[in-house]
Structures are given as structure tokens and as C-alpha cells.
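Chain and residue survey
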Amino acid sequence: MVLVVSELVTNALRHAGGTCTLELAAHPDSVEVAVHDPSPQAPRMRTPDLNHGTGGFGWPMVNRLARTTHVTEAPGGGKTVRAFLPR
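Residues numbered from 1 in each chain as written. Predicted model: local features only at pLDDT ≥ 70, side-chain atom pairs only at ≥ 80, totals over all residues. Heavy atoms only, no water.

1. Some thoughts on the layout of surface pockets
When its volume is computed, the largest pocket comes out at roughly 480 Å³. For the largest pocket, the lining is made up of 24 residues, of which Asn11, His15, Pro43, Arg44 and Trp59 are closest to its centre. Every element with two or more residues in the lining of the largest pocket is listed here: helix H1 (2–15), strand E2 (30–37), helix H2 (58–65) and strand E4 (79–86). The element contributing the most residues to the lining of the largest pocket is H1, with seven residues. (1 Å grid on protein atoms, 1.4 Å probe; cavity = no way out; pocket = protein on both sides within 12 Å on 5 of 7 lines; lining within 4 Å. Points joined across faces, edges and corners; volume = space filled by probe spheres on them. Helix = DSSP H or I, 4+ residues; strand = E, 2+ residues; numbered from the N terminus.)

Laid out in C-alpha cells, this is it:
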């Protein structure tokens, strides 16, 4: 869970304007990690850069560790990225 939180917050800070809000919620069978940021751009899969250090590892890693992920547009702009992890 710590790795998923770190990756989602880092992505929001790097790619979405430098501000975000983190919310955690416990459900009977999962833990929900939600990161809200001001950018309407959804995360995208890209080939990880093994040679030049430009990244590309975070979003694929989140998707492999999470049971499911969802990206939703916020009514006032921006988006929320959610990852549900097994509890």
C-alpha cells in the first residue's frame, strides 16, 4: 500500500500541477487509495525508460499491485485516481 500511495502522489505532483489530496478508506475486503489532482489528463501506460531515467514504471506498477484502478473526472475539473488493494 505504501508503494501505491507513493507512486500515485508522486505522479500527481510531477504531472498534474504540484498539488493533490490523498484519501484512504477501508472497506470490508479492500483498502481504497484515492488521489485528487487538478489535471484532467488521465495516467497513461508508457514503456519504462531503462536507459535515461525518465520514468514510466509507476502507473504499470500501481496497476499490477492493485486489485483494480479507476480514473474519474471531477465535476469542477481535475480527476481522481483510485486504486483498490486487497485487505
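That shown, we press on.
2. A closer look at the sheet that holds E2
Pairing is antiparallel across the open sheet formed by four strands, whose spatial order is E1-E2-E4-E3. Only two strands of the sheet have a single partner each, and these edge strands are strand E1 (21–26) and strand E3 (68–73). In this sheet, neighbouring strand axes are inclined to one another by 15° on average, regardless of whether the strands run parallel or antiparallel. Relative to E4, E3 is paired through six bridges, and the arrangement is antiparallel. Counted as the bridge partner of valine 71 is valine 81 from E4. The sheet strands contacting H1 are E1, E2 and E4, and the helix crosses E2 at an angle near 10°. (Pairing = 2+ DSSP bridges. Axes fitted to C-alpha atoms, helices over the stretch in contact; angles between N-to-C directions. Contact = heavy atoms within 4.5 Å.)

3. Looking at the pairing of E2
Residues in a regular strand project their side chains so that they alternate between the two faces of the sheet. Among the eight residues that make up E2, seven are buried, leaving the element largely enclosed by the rest of the structure. Here E1 folds back onto E2 in antiparallel fashion, the turn holding three residues. Taken together, the eight bridges between E2 and E4 define a ladder with antiparallel strand orientation. Bridge pairing in E4 places valine 31 opposite leucine 85. (Buried < 20%, exposed > 50% of the residue type's maximum accessible area, 1.4 Å probe, protein only.)

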